[in-house]
Amino acid sequence: MQGGGFMTSELSDPKPSLVPRSATQDGHVRGRWPSALPAVWTERMLTTLEEGVKGGVWFSLMDKVFAERTLRAAADSVIANKGAPGVDRVGVLEFQADLFSNVKKLSAALRDGSYEPNAIRRVLIPKPGSNEQRPLGIPTVRDRTVQSALRYVLEPIFEKEFAELSYGFRPGRGCKDALRRVVELLDSGFCYVVDADLKSFFDTIPHDRLMGRLRERIADGRVLGLIESFLKAGIFDGLTETEPESGAPQGAVLSPLLSNIYLNPLDHLLAKRGIEMVRYADDFVILCRSALEAEQALTLVRQWCEAEGLTLHPGKTKIVDSRIEGFDFLGYHFATCKGRRTRWPRKKSLAKLKDAVRAKTKRTNGKSLRVILAGLSPTLIGWFGYFQHSNKSTFSAVDGWIRRRLRSILRRRAGREGCGRGADHQRYSNTFFTDRGYFSLEAAHRFLRQSLMG
């Protein structure tokens, strides 16, 4: 391990390729585009994509969107993702129950131009670790299906042009790849970090400029009109419906792709200047070798945002020397402790985990201990899977907190009040819980280290 970072083996491929290792230099084009839906993207179309389409723009895409095979694949992905109903109160199971007919109707409506999106149901969800709330837009299942079909058609066209430094919502990339890149840059001496925050990004994307980006590569008026209809779809908050003047709702299937399309010029601008940015959707950090470079990078980003109708949050955007002051990125807090770089879950990430654990370990819980532990396991396993590279003290602390809650449950059942303490630690030892199925984060981390060390 280097300076508390990911294991060396984790850094062997910091910039994951979209081309699988199994593909040869002269291999089939399909192998180079594993995420392209075969129902939409034929080998001939993929070859055209690689060689360059005439004029740089794509015509006649709507027939790919309303094709029943595309909509069926899109519906399958929406059903697999589950999710809540929209304003029509039709859930994924209800939609699935009459899937053949629903796909037929969607295809016909898109083909003859009668399709119109429903309003988007807006709900406010709490931000972990704060009293603030985040607006979430929930389209109907039918609209999510059409948006998924659009994504299948459009994604390869724009994926071809996306920059290396973009990791969010892209095929073959994810949070861990972005984090690995941050670690590599920190290890290489990029100590000054521009910790940036785009204020209300998804709500403020200018529709006209976004449509302009799309027209640079898409010339099918029906597809463009369909996308614009989703951007203009009403927002229903339970009482009133309003038409948005800007933005792409968080929660909509198409929004992540649209956000990447809108920010792609910024990515290439910084890459051209040799500035190291790591971006995941609207969350990004810029890593520099000096304070001056960081100041210049921040000035460049601020100027670009102002010109493109976006705003950097004045209270959340700053420059830090990572050797002195820590910074948050993608759920982790990066810091230097006693001259050694390390990381742990940021406060909001811990708060979110604790909220989930509290809900499953109430003192009045009438379930058996084994059932409670079985219910906790998926939460803890998933959390460990993402935060496994945290400082080892993180895991013992969280384990201890959870066991105290479990001891309090058992203490109450034994007729004693208060939190677990004193003799309860002998009566209900750590081994006691492990023997009954408790997933120990500390033990999992120790096993992981031993495995990676060989």
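Residues numbered from 1 in each chain as written. Predicted model: local features only at pLDDT ≥ 70, side-chain atom pairs only at ≥ 80, totals over all residues. Heavy atoms only, no water.

A. Main features of helix H4 (residues 68-81). Over its 14 residues, H4 runs 20 Å from end to end, which matches the ideal 20 Å to within 8%, given 1.5 Å per residue. What H4 keeps buried is the set Thr-70, Leu-71, Ala-73, Ala-74, Ala-75, Ser-77, Val-78 and Ile-79. In this structure, the buried side of H4 is in contact with helix H3 (62-66), helix H5 (92-97), helix H6 (99-112) and helix H7 (141-159). Two residues or fewer past H4, Lys-82 is found with a positive phi of approximately 60°. (Helix = DSSP H or I, 4+ residues; strand = E, 2+ residues; numbered from the N terminus. Expected span 1.5 Å × (residues − 1). Buried < 20%, exposed > 50% of the residue type's maximum accessible area, 1.4 Å probe, protein only. Contact = heavy atoms within 4.5 Å.)

B. Molecular detail of a positive patch on the surface. The grouping of Arg-134, Lys-316, Arg-346, Lys-348 and Lys-352 at the surface amounts to a positive patch. Residue placement: Arg-134 occurs in strand E2 (residues 133-138). (Patch = residues over 30% accessible without salt bridge, like charges linked within 9 Å, V, L, I, M, F, W, Y side chains within 5 Å. Areas by Shrake-Rupley, 256 points an atom, 1.4 Å probe, with all protein chains shown as cover. Salt bridge = Lys/Arg side-chain N within 4 Å of Asp/Glu carboxyl O. Lys, Arg positive; Asp, Glu negative; His and termini not counted. Charge placed at Lys NZ, Arg CZ, Asp CG, Glu CD.)

C. Structural detail: the sheet that holds E2. One open sheet holds the 4 strands; their spatial order is E2-E1-E4-E5, and the pairing between them is mixed. Looking at the sheet topology across the chains shown, the edges are occupied by E2 and strand E5 (241-242). By the bridge criterion, 2 bridges tie strand E4 (residues 235-236) to E5 in an arrangement that is antiparallel. Bridge assignment links Phe-236 to a residue of E5, and that residue is Glu-241. (Pairing = 2+ DSSP bridges.)

D. How the structure looks around the environment of Leu-224. Locating Leu-224 in the fold gives a position in helix H11 (residues 221-231). For Leu-224, a relative accessible area of 9% puts it in the buried group. For the pair Leu-224 and Leu-214, spaced 10 residues apart in the sequence, the C-alpha separation amounts to 7.6 Å. Not counting the four nearest positions on each side in its chain, Leu-224 is found in contact with Met-211, Leu-214, Arg-215 and Ile-218.

E. Spatial organisation of the pattern of salt bridges. Scanning the model with the defined rule gives 20 salt bridges in all. Here Glu-276 ties to Arg-181 by a salt bridge, and the two come within 3.1 Å at their closest N and O atoms. Highlighted residues: Glu-276 in strand E6 (residues 276-280) and Arg-181 in helix H8 (residues 175-187), separated in sequence by 95 residues. Residue classification places Arg-181 among the buried residues on the basis of a relative accessible area of 9%. One salt bridge in this structure joins Asp-267 and Arg-279, with 2.7 Å as the shortest N-O distance. Residue Asp-267 is located in helix H12 (residues 255-272), and its partner Arg-279 is located in strand E6; the two are separated by 12 residues in the primary sequence. Accessibility assignment for this pair places Asp-267 and Arg-279 in one class, buried. Because the salt bridges share partners, they merge into one network encompassing Arg-181, Glu-184 and Glu-276.

F. Expanded view of the confidence of the model for the chain. Per-residue pLDDT for the chain averages 91, and the proportion of residues at 70 or more is 92%. Low pLDDT (under 50) marks residues 1-26, which in the prediction has 63 contacts with non-local residues, meaning those over four places away or in another chain. (pLDDT = per-residue confidence, 0-100.)

G. Looking closely at the environment of Pro-244. Its place among the elements puts Pro-244 in the loop between E5 and H12. Not counting residues up to four positions away in its chain, the partners in contact with Pro-244 are His-207, Leu-231, Lys-232, Ala-233, Gly-234 and Ile-235.

H. Region of the structure containing helix H19 (residues 441-452). Its 12 residues place the ends of H19 16 Å apart at the C-alpha level, agreeing with the 16 Å of an ideal helix rising 1.5 Å per residue. Burial in H19 covers these residues: Leu-441, Ala-444, His-445 and Leu-448. Down the axis of H19, the buried side of the element spans an arc of 100°, and every buried residue falls inside it. Away from its buried face, by an angle of more than 90 degrees, H19 presents the exposed residues Phe-447 and Gln-450. The N-cap of H19, judged by a side-chain oxygen 3.5 Å from the amide nitrogen of Glu-442 a few residues on, is Ser-440. (Arc of directions from axis to C-beta. Polar contact = N/O pair within 3.5 Å; in protein donor to acceptor, adjacent residues only side chain to side chain.)

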